[in-house]
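# Fold and geometry: a report
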Amino acid sequence: MTSVITGDIIGSRQQKSNHWVEDLKKILAPFGATPSQWEVYRGDEFQIEVNNPEDALLTAILIKARLRAIKSDARMSIGFGDKTHTAEKISESNGSAFINSGELFDTLKKQKVTLALRTGDLAFDEKMNLMLQLALTFMDSWLVQSAEFVALAIENPSLSQEELGQKLGINQAAVSRRQKRAQFDLVMNLDRYFRTQIKQFAL
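Worth saying up front: this structure is predicted, and the values here are computed from it rather than measured. (Residues numbered from 1 in each chain as written. Predicted model: local features only at pLDDT ≥ 70, side-chain atom pairs only at ≥ 80, totals over all residues. Heavy atoms only, no water.)

### Topic: the packing of helix H5 (residues 144-155) against helix H6 (residues 161-168)
The contact between H5 and H6 brings their axes to 11 Å, and the two run at 120 degrees. Classified by the angle their axes make, H5 and H6 are oblique. Of the two elements, H5 crosses H6, and the hand of that crossing is right-handed. Packed against H5, whose contacting residues are Glu-148, Phe-149, Leu-152 and Ala-153, the element H6 presents Leu-164, Lys-167 and Leu-168 at the interface. Residues that form the contact of H5 with H6 fall into these classes: 5 nonpolar, no polar and 2 charged. (Axes fitted to C-alpha atoms, helices over the stretch in contact; angles between N-to-C directions. Helix = DSSP H or I, 4+ residues; strand = E, 2+ residues; numbered from the N terminus. Parallel < 35°, antiparallel > 145°, perpendicular 65-115°, else oblique. Left-handed = near helix turned anticlockwise from the far one by under 90°. Contact = heavy atoms within 4.5 Å. Nonpolar A, V, L, I, M, F, W, Y, C, P; charged D, E, K, R; others polar.)

This is the structure we're talking about:
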């Protein structure tokens, strides 16, 4: 079992310069080699394979936080399933994870939702997507400072508030405020719950 994130940059056509393409590539670079693990194509669309499905949700949230930190955002669908064909380019690979991700992605605009997932288990998907929609009520409006904090905290899970503050150039009290404002503890609780639940599909 694998997982695939399909996404596109919101409002990219309205942006005068194309520097966000380079920004996006920088954000995706830590997730492996391009174009086999991730790829940016058709200008503003991207696809990433997350080999461990348990990491898929936090990966999508991290991408969102990194984009919000540069005043951008993305619509993303996460598909779970198998991979039946491995191509040189991830956009040409296939399997149910790719189909689930692609089909769901095509519905996001209509649904006016920026993040959703599909395993093919309707009851599970409905429950998880409802939780995600509730979380998006604040994640979609993260400001730059909150988003920077979230991204840094996800990337450095072992650092204390004080150590995160040193990296951000702020004191521990300010870190605590940003953590609260970003509802970070709630995000991590959602991720923990998702990890326990997705295990049932990986049998």
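### Details of the pattern of salt bridges
In this structure the tally under the stated criterion is 10 salt bridges. Asp-8 is paired through a salt bridge with Arg-75; the nearest N and O atoms lie 3.3 Å apart. One end of the pair, Asp-8, is in strand S1 (residues 2-9); the other, Arg-75, is in strand S4 (residues 74-81), and 67 residues separate them in sequence. Both residues of the pair, Asp-8 and Arg-75, belong to the buried class. The partner of Lys-83 in a salt bridge is Glu-49, with the nearest N and O atoms 2.7 Å apart. Note that Lys-83 is positioned in the loop between S4 and helix H3 (96-111) and Glu-49 in strand S3 (residues 45-50), a separation of 34 residues in sequence. Judged by relative accessible area, which is 29%, Lys-83 ranks as partly exposed. (Salt bridge = Lys/Arg side-chain N within 4 Å of Asp/Glu carboxyl O. Buried < 20%, exposed > 50% of the residue type's maximum accessible area, 1.4 Å probe, protein only.)

### Details of the pairing of strand S5 (residues 115-118)
As defined by bridge partners, S4 adjoins S5 across 4 bridges and the pair is classed as parallel. By the bridge assignment, Met-76 is partnered in S5 with Leu-115. (Pairing = 2+ DSSP bridges.)

### A word on the packing of aromatic side chains
Throughout the structure, instances matching the rule amount to 3 aromatic pairs. Ring centres of Phe-124 and Phe-201 lie 4.8 Å apart, and the angle between their planes is 65 degrees; on these two criteria the pair is classed as edge-to-face. Here Phe-201 lies in the segment after helix H8 (184-198) and Phe-124 lies in helix H4 (residues 122-139), a separation of 77 residues in the sequence. By relative accessible area, Phe-124 is classed as buried at 4%. Residue Phe-201 is classed as partly exposed on the basis of its relative accessible area of 25%. (Phe/Tyr/Trp six-rings, centres within 6.5 Å; stacked < 30°, edge-to-face > 60°.)

### Some words on the environment of Ser-146
As for its placement among the helices and strands, Ser-146 is situated in helix H5. Overall, Ser-146 belongs to the buried group, its relative accessible area being 4%. Look past the residues within four positions of Ser-146 in its chain and what remains in contact with it is Arg-178, Arg-181 and Ala-182.

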